[in-house]
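Structural features, examined
If you want the building blocks of each chain, they are given just below.
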Amino acid sequence: MNDLIALILGSGTPLVYAAMAGVLAQRAGIWHLGLEGLMIAGACAAVLVTSAAGSLLAGLGVAIAVCVLGSALLWVVIEKLKANPIIAGLGLTGLGLGGTDLAVQAVFDSEATVRSEIGLPRLGAAFGPYAHLSVLVLAMPVVVFALWVLLRRTRFGLQLAACGEHPFAARSVGVSPPRMRLVALLLGGVLCALAGAELALGSLQLFSVGMTAGRGFMAFAAVIFGAGHPVGAAFAALFFSVVEALGIKAQLLLGNALPPDLLLALPYAATVAGVWLSGRLRGGGQSSGAFAELRDY
Amino acid sequence: MQRAEAAEYALECQGVTVSFGAVMALREVSVGFPPGRIHAVVGQNGAGKTTFARVAAGLVRPAAGTLRIAGREVTTGAVNAARGAGVELVHQSFALPPSFTVAEAMEFGSTRHGRAPFTRAGLEARWRGHLDSLGVTARLRERVRDLPVESQQAVEIARALVTDARVLILDEPTAVLAPAGIATLFRRLAGLRASGVTVILILHKIREVLEIADTVTVLRGGRLIEGTVAARDIDAQHLAAAIIGSAPPEAATLSEDDRAALVGAGAGHAAGATIAAPAVLALADVSTRPDPEGPALDNVSLAVRAGEIVGVAGVEGNGQRTLVRACAGLADVQQGTITLAGRAATQAAPLARRAAGLRIIPFERNSEGLSLSSTLWENWAVRPLLLAGRLLALIDPARLRAQCDASLRHWDVRFTTTEQTAGSLSGGNAQKVILAREIDASAKVVIAAQPTRGLDVGATAFVWRALREARGRGCGVLLISSDLDELFDISDRIVVMLSGRIAGEFAPPYSLDAIGRAMTGVAR
């Protein structure tokens, strides 16, 4: 049982961090489909720089810088160039996936996998069966709680929600929706870098091309499943990784009785089911505040 | 010397000019509002009233001109500068995020109490006193979207007063209120005046202006016509003339009745329809299944006879839209029957209803009524093409264009070519295109939903005349409007909707008091 929980926490933590970035953007009024791209860029930068410089701090620092820059680029494309946020987010994802592939090939010729000697600090023997998990797993609930306080219990959080729900209301009290969205996206960039670092340096200590394998989209689905609420989204992300862990367990138990590809598809199927379910539960068709902005003039 | 003069005004603008693209919304408007009074700013739709309010609140940056608040010049186009100087604006369609609780709605625009995290209870304790002092009874935990419109407005006003507002601007605050709600609002504003707040009211009903305002300012076509004239020095006729101005060609033909309705004087009424005429549209005990688009109909019985105009009054959002959808065949009817021109139509498809003579002038001119990106002839040809039936029949654009051209000329639409897009027309002309399409020789029932909203005086009079002519030709007309003066003026009967029910039926002469009570559900 402890193994299973460790497995869930290990694979769920990157999802939760990325989902928190998605929640921030969602509340500011942006459907963040660039999570996948930012996550893999963070993972790539963390591994490449850590192994090249031999310093974890340098790796994390560069990963954060890359993701924040990527987020800033997304903001410029959405707010300044007035592109559709969903298309722009998908573009960022394409840029992240392709860019990291290119970076790995450019630096290491044809190798598709890069290893790092250094990983994130582990919890250590005191934590028993959880010893091999990284400190970011332990920090995850703290980050979720902090985000909940920030979004639901501060004026900043209310103003951010107003920007997403009713931008004109935000403007009427002197809050600039574009500026708030920039803050939300940049903060989300930091979280995506952590998500990528945890994914690549948490237990594996390697980067391979395309290693996010759709986790950014699962994180986005968790945002929708969790109705844009940080705690809800965190639980949704963990739910997806529960399904993933169960799939792995089932594979071990059943051997080849079931095609392994089917079991590997489980978390993605659960994601689709989760999003459908959350739509049903909330009665669908909630009108978004975007209409209000149309009434502006 | 200069300072003493400037400080006379709570809010003053000099030479304010605003243009949106080619349209001049305000031209060199200079006006000053003395403190501690209630000022009305009036004008027709499109006169620049809302733009003026937004300039004062810093939401719109004028191309030229200066803004002074309490004698001090502030940066234009900066909400925080205007708010910092004490100017707050209450929008016509409210500006509060619907998912916020009342307490959150107070907090999100506040600048007091620092930025530290709060608890839910702490937040409610923080704002309870503020709401109590304003006499707002909405519960702090309730969500804005669940509040009735009167409370929503009260909360919006309370939101505007969370900072130490010295100038409160309200944009068309009475448009969403029933008569009793207007009385409460005016009492609240008089209370604010007593506490030294300068109130600027954007209005378009002359009766209301004369009821509450200390001074009147008139805008017309973006220009200042009258600046803060004492309200006791001006009468309704003079004010109407200032608002309407030297007659545009259409307004010149304004009948006395129409003019009286615009002024809100309560016009006299024409004789009712012949009682013996058959009902062309009848709803018997109709209830609809609840859906997210609005309150469901609850045992609605209603008959519109040939040759009469039945008005539907009610505060917006009480099932009027569902009523129209039920008649159109777009709502899920749970029980009851709908009869169109003598034939059962409860289960009839929308197109079958149109074939039976149902015509609709929809609520939303620009989204339901017209395809703005399509050409005029395409918009106009929708009716003949759909009614002609066969889906794969060939169409003859040249013939349709010619027919459309003739029809639009007959309806006095100002257009250059039938190839121009519907989006290039002004509101009044766009509405005339819909009239030209919907009111044809085969029409038997015309449902007109808010047909004059957003139109200027001339176009409004035109729409009224068209509805009267349709009645004269034997059509039954169902007129849904939130403008009681309009309903009083042209309806032969008025029914009142409240929460999806028919709350009362009234015959002329109408009593504002009785209809107002029915609209709010206050027992007689």
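Summarised in this report is the structure supplied together with it. (Residues numbered from 1 in each chain as written. Chains lettered and ligands numbered in written order. Predicted model: local features only at pLDDT ≥ 70, side-chain atom pairs only at ≥ 80, totals over all residues. Heavy atoms only, no water.)

1. Quick look at the overall build of chain B
The line we're drawing: In this description a helix means any DSSP run of H or I spanning at least four residues, a strand means any run of E spanning at least two, and both kinds are numbered starting from the N terminus. The globule rule is 2.2 Å times the number of residues to the power 0.38, and the radius of gyration it is compared with is taken over C-alpha atoms. Between buried and exposed lies partly exposed: a residue is buried under 20% and exposed over 50% of the maximum accessible area for its type, with that area taken using a 1.4 Å probe on protein chains only. Any two residues having at least one pair of non-hydrogen atoms within 4.5 Å are treated as being in contact. Note on areas: Shrake-Rupley, 1.4 Å probe, and residue coverage restricted to the protein chains presented here.
Secondary structure summary: chain B contains 19 helices and 20 strands in total. The C-alpha radius of gyration computed for chain B amounts to 25 Å, which stays within 12% of the reference 24 Å derived for 524 residues, consistent with globular compactness. Projected onto its principal axes, the C-alpha coordinates of chain B cover approximately 75 × 50 × 45 Å. Here chain B holds 524 residues, and 52% of them are scored as buried. Of the contacts formed within chain B by residues at least 6 apart in sequence, a portion of 68% connects residues at least 24 apart. Per element, the accessible surface of chain B, about 21,900 Å² overall, is 52% carbon and sulfur.

2. Some points on the environment of Gly-274 of chain A
All names here are of chain A. Note that Gly-274 resides in helix H12 (residues 266-281). Look at Gly-274 and you get buried, because its relative accessible area is 4%. On a C-alpha basis, the gap between Gly-274 and Ala-236 in space is 8.2 Å, while along the polypeptide they are 38 residues apart.

3. Regarding the nonpolar core
The criterion, for reference: Definition used in this section: a nonpolar core is a set of buried Ala, Val, Leu, Ile, Met, Phe, Trp, Tyr and Cys residues joined via side-chain atoms within 4.5 Å.
Met-20 of chain A together with Phe-52, Leu-168, Ile-169, Leu-170 and Leu-189 of chain B are the most contacted members of the largest nonpolar core, which totals 165 residues. For this core, the element with the most residues is helix H8 (residues 177-201) of chain A, which contributes 12 residues. Residues in contact with Ile-169 of chain B, not counting those within four places in the same chain, are Ala-53, Ala-56, Val-87, Glu-88, Leu-89, Val-90, Ile-200 and Ile-202 of chain B. In terms of nonpolar packing, the next biggest core, distinct from the first, is built from 50 residues, Ile-309, Ala-313, Leu-408 and Val-463 of chain B among them.

4. A word on the sheet that holds strand E4 (residues 64-69) of chain B
Residue and element names in this part refer to chain B. Filter applied, for reference: Here, a strand pair is defined by DSSP locating no fewer than two bridges between the strands. Axis definition: a line fitted to C-alpha atoms, limited for helices to the stretch in contact. Angles are taken between N-to-C directions and run from 0 to 180 degrees.
Pairing is antiparallel in the open sheet, where 4 strands are placed in the order E2-E1-E4-E5. Edge positions in the open sheet fall to strand E2 (23-33) and strand E5 (72-74), since each of these has one partner strand only. Neighbour-to-neighbour, the strand axes of the sheet open up by a mean angle of 30 degrees, direction not taken into account. Contacting strand E1 (11-20), E2 and E4, helix H2 (residues 49-56) crosses the sheet at an angle of about 60 degrees to E2.

5. Some details on the sheet that holds strand E20 (residues 501-506) of chain B
All names here are of chain B. With mixed pairing, 6 strands are arranged side by side in an open sheet as E16-E17-E18-E13-E19-E20. Each end of this open sheet is capped by a strand with a single partner; those strands are strand E16 (358-361) and E20. Adjacent strand axes in the sheet meet at a mean angle of 20 degrees when their direction is disregarded. Direction of pairing for strand E17 (residues 445-449) relative to strand E18 (residues 476-480): parallel, over a ladder of 5 bridges. Bridge pairing in E18 links Ala-449 to Ile-480. Its contacts with the sheet place helix H11 (residues 320-328) against strand E13 (309-313), E16, E17, E18 and strand E19 (493-498), and it is angled at close to 150 degrees to E16. Against the sheet, helix H19 (residues 512-520) contacts E13, E19 and E20, and its axis sits at roughly 30 degrees relative to E19.

6. Here's the deal with helix H9 (residues 236-244) of chain B
Short version of the rule: Whenever a nitrogen or oxygen atom comes within 3.5 Å of another N or O atom, the pair is scored as a polar contact, on the condition that within protein one atom can donate a hydrogen and the other can accept it, and that pairs from neighbouring residues in sequence are kept only if both atoms are in side chains.
Considered for burial, the residues of H9 of chain B that qualify are Leu-239, Ala-240, Ala-242, Ile-243 and Ile-244 of chain B. For H9 of chain B, the capping residue at the N-terminal end is Asp-235 of chain B, with a side-chain oxygen 2.8 Å from the backbone nitrogen of His-238 of chain B.

7. Observations concerning the pairing of strand E3 (residues 38-42) of chain B
All names here are of chain B. For E3, the tally of buried residues reaches 5 of 5 residues, placing the bulk of the element in the interior. Taking every second residue as pointing to the same face, both faces of E3 are buried, with Ile-38, Ala-40 and Val-42 on one and His-39 and Val-41 on the other. Examined bridge by bridge, E3 and strand E8 (residues 198-203) share 5 bridges and lie parallel to one another. Considered in E8, the bridge of Ala-40 is made with Leu-201. The sheet contact formed by E3 and strand E9 (residues 215-220) spans 4 bridges and is parallel. When the bridges of E9 are listed, Val-42 appears paired with Val-218.

8. Re the pattern of salt bridges
Residue and element names in this part refer to chain B. Spelled out, the test is: Criterion for a salt bridge: a side-chain nitrogen of Lys or Arg within 4 Å of a carboxyl oxygen of Asp or Glu.
Inspection of the entire model under this criterion finds 27 salt bridges over all chains. A salt bridge links Asp-332 to Arg-289, with the shortest nitrogen-to-oxygen separation between them at 3.0 Å. Here the residue Asp-332 occupies a position in the loop between H11 and strand E14 (333-340), and Arg-289 occupies one in the loop between strand E11 (279-288) and strand E12 (300-305), the gap between them amounting to 43 residues. Judged by its relative accessible area of 43%, Asp-332 is partly exposed.

9. A look at H8 of chain A
Let me state the cut-off plainly: Expected span of a helix, by definition, is 1.5 Å for each gap between consecutive residues, and there is one gap fewer than residues.
Helix length check: H8 of chain A, at 25 residues, gives a terminal C-alpha distance of 35 Å against a target of 36 Å (1.5 Å per residue), a fit within 8%. Most of H8 of chain A sits inside the fold, with 18 of its 25 residues counted as buried.

10. A few points about the packing of aromatic side chains
Stated formally: In summary, the pairing rule links any two rings of Phe, Tyr or Trp, Trp by its six-membered ring, whose centres are within 6.5 Å, and it sorts them by plane angle into stacked for under 30 degrees, edge-to-face for over 60 and tilted for everything else. For a Lys NZ or an Arg CZ to count as sitting over a ring, it must be within 6 Å of the ring centre and within 35 degrees of the ring normal.
Evaluated as defined, the whole model comprises 9 aromatic pairs over all chains. In this structure an aromatic cluster arises from ring pairing among Phe-225, Phe-239 and Phe-240 of chain A. The positively charged end of Arg-383 of chain B is found above the aromatic ring belonging to Trp-380 of chain B, 6.0 Å away from the centroid. Sitting above the plane of the Trp-377 of chain B ring, Arg-401 of chain B keeps its charged end 5.5 Å from the centroid.

11. Structural notes on the interface of chain B and chain A
The test is simple: Buried area: the sum, over both parts, of the accessible surface (1.4 Å probe) that disappears when the two are put together. Amino acids are sorted into nonpolar (Ala, Val, Leu, Ile, Met, Phe, Trp, Tyr, Cys and Pro), charged (Asp, Glu, Lys and Arg) and polar (every other residue, Gly among them).
With 32 residues of chain B at the contact, the number on the chain A side is 22 residues. Summing both partners gives a buried area of about 2,400 Å² for chain B against chain A, and 54% of it is carried by carbon and sulfur. Looking at the side of chain B facing chain A, the largest losses of area belong to Phe-108, Arg-115 and Phe-118 of chain B, adding up to 26% of the total buried there. For Glu-107 of chain B, the salt bridge goes to Arg-155 of chain A, with nearest N and O atoms at 2.9 Å. Linking chain B with chain A are 10 residue pairs in polar contact (both at pLDDT 80 or more), by the criterion used here. Its residues assigned to classes, the side of chain B that touches chain A comprises 14 nonpolar, 10 polar and 8 charged.

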